[in-house]
Amino acid sequence: MKRTIFDAEHEMFRESFRQFLDKEVVPYHLQWERDGIVPRELFYAAGKLGFLGMDVPTQYGGGGEPDFRYNYVIHEEVQAAGVNASGLGMSLHNDTGIAYLLHCANEEQRERWLPGVVTGDLITAIAMTEPGTGSDLGAVRATAIRDGEHYVLNGSKTFITNGINADIVIVVAKTDPSKRTGGLSLIVVERSQVGFTRGRRLEKIGMHAQDTAELFFENARVPAANLLGEEGAGFHYLTQNLPQERLAIATISVAAARAALELTLEYTKERTAFGQKVGSFQNSRFSLAEMHSEILIATTFVDKCVLAHNAGELSAEEAAVAKWWCSDLQNRVVDRCLQLHGGYGYMSEYPIARAFVDARVQRIYGGTNEIMKEIIGRSLGV
Ligand SMILES: Cc1cc2nc3c(=O)[nH]c(=O)nc-3n(C[C@H](O)[C@H](O)[C@H](O)COP(=O)(O)OP(=O)(O)OC[C@H]3O[C@@H](n4cnc5c(N)ncnc54)[C@H](O)[C@@H]3O)c2cc1C
């Protein structure tokens, strides 16, 4: 079945992004996994070639294309490169950080930040999660109390993607601690902010090159001009922007499942046992056929979600469906693919082993899959 979602421009973009990965990412990725972070120069290189802020208006230097298919192409190619590009952190920047600036920043802020996020001079992060709360945003304890022309920010955040590399961090904090979600606001904290420090680069079971960190704010006097949107409307902005982040996770999941299946097809066509190819046992053939079918069905659904998102018609519930189902699929697929590799599947030097551990977090971040089912359940009136 021919996919019709991409046009010639997307395919050209794909080709140049693939070349970027081959030249600037894949040869160095193992070292970045050891370092636990990608060099920030990678963002400059990506920015120079037009791989950051494709949807940012051209007046700020961006691609001027509010078309999520470009983001989708990036996710497909990163996954097709296998585990050799999993640490990029570009998805968080392109799909999430920039989206908040585009949707919530006023003109002065757009002029201040958008040119830098496109060139890679400003790397973004979003800091919602705290040591004491993740799913329950109403329980956020970070506070940003207005004092004249500043907000005094106190609190700590954890598990923050791009936490070390970030130049601007969109912090979710309570401007009115007497309320739950109604007291939340979004405050942009810049690299040079006094009272802002970074903690440990956290060690994870997978995605080793991806920078994940703790952040601390101690009486940080952030200019009031760094408030994004309206005070107290933070939760509303989160619910508006999280569907795009969830759609991104869904597209990554399906692309990762496809990449794992391709690896496994290659392996099982070569490996022999009992005098025949491993792939030719009926159990293996059925397993491969089932995975191929599920990935095909998921691709069709996700393609439709991306087009609906472009048309402004993807609902929060549909994004939640895509996120939980596709990330579950990815996890099922990598597990079955690992099994078909036998003992080699458990060896870190085999890409499927790393794909297995990388996959696990997809069911956790961006809102856990249980929270996705809560959102869907509520939409059903139950
Ligand atoms: C690698 C990585 C990168 C991340 N990047 C970021 C980032 O850039 N920015 C950021 O802000 N956060 C980030 N996170 C945090 C992530 O979004 C949270 O871990 C996630 O939202 C879950 O929150 P929690 O860890 O506090 O788990 P908890 O909320 O404590 O949940 C624990 C368990 O309880 C379940 N649970 C909770 N509430 C309910 C409920 N109502 N019904 C049913 N089950 C429930 C959860 O599903 C989960 O299984 C990242 C996490 C990881 C691991």
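Residues numbered from 1 in each chain as written. Predicted model: local features only at pLDDT ≥ 70, side-chain atom pairs only at ≥ 80, totals over all residues. Heavy atoms only, no water.

### Here we look at the site of the ligand
Right, on to step 1. Taken together, 18 residues sit near the ligand, with M128, T129, S135, T368 and E370 positioned nearest.
Right, on to step 2. The separation between an oxygen atom of the ligand and a polar main-chain atom of M128 is 2.8 Å.
Right, on to step 3. For the ligand, a nitrogen atom lies 2.8 Å from a polar atom in the side chain of T161.
Right, on to step 4. Across the complex, the protein chains shield 65% of the 960 Å² of accessible surface that the ligand would expose by itself. (Near = heavy atom within 4 Å. Polar contact = N/O pair within 3.5 Å; in protein donor to acceptor, adjacent residues only side chain to side chain. Areas by Shrake-Rupley, 256 points an atom, 1.4 Å probe, with all protein chains shown as cover.)

### A word on the pattern of salt bridges
Right, on to step 1. The final tally for this structure, using the stated rule, is 27 salt bridges.
Right, on to step 2. A salt bridge links E76 to R3; its shortest N-O distance comes to 3.0 Å. Highlighted residues: E76 in helix 4 (residues 68-80) and R3 in the segment before helix 1 (8-25), separated in sequence by 73 residues.
Right, on to step 3. Classification of E76 by relative accessible area gives buried; the value is 7%.
Right, on to step 4. In this structure, D7 engages R69 in a salt bridge whose closest nitrogen and oxygen atoms are separated by 3.6 Å. With D7 in the segment before helix 1 and R69 in helix 4, this pair connects stretches of sequence that are 62 residues apart.
Right, on to step 5. Each member of the salt-bridge network shares a partner with another, and the members are R3, E11, R14, E15, R18, E76, E77, R258 and D303. (Salt bridge = Lys/Arg side-chain N within 4 Å of Asp/Glu carboxyl O. Helix = DSSP H or I, 4+ residues; strand = E, 2+ residues; numbered from the N terminus. Buried < 20%, exposed > 50% of the residue type's maximum accessible area, 1.4 Å probe, protein only.)

### A short note on the UniProt feature "domain: Acyl-CoA dehydrogenase/oxidase C-terminal" (unreviewed entry) in the chain
Right, on to step 1. Feature annotation in UniProt assigns "domain: Acyl-CoA dehydrogenase/oxidase C-terminal" (unreviewed entry) to the following positions: residues 232-380.
Right, on to step 2. From the first C-alpha to the last, residues 232-380 spans 28 Å; its make-up is 75% helix and 3% strand. (UniProt positions renumbered as here; feature names shortened; annotations may be inferred.)

### Remarks on the pairing of strand 5 (residues 184-190)
Right, on to step 1. When you tally the buried positions in strand 5, you get six out of seven residues, the bulk of the element.
Right, on to step 2. Where strand 4 (residues 168-174) lies against strand 5, seven bridges are found, and the strand directions are antiparallel. Each residue of the ladder has a partner; that of V169, found in strand 5, is V189.
Right, on to step 3. Of the strand pairs in this sheet, strand 5 and strand 8 (residues 227-228) are connected by two bridges, and their pairing is antiparallel. Of the residues in strand 8, the one forming a bridge with I187 is L227. (Pairing = 2+ DSSP bridges.)

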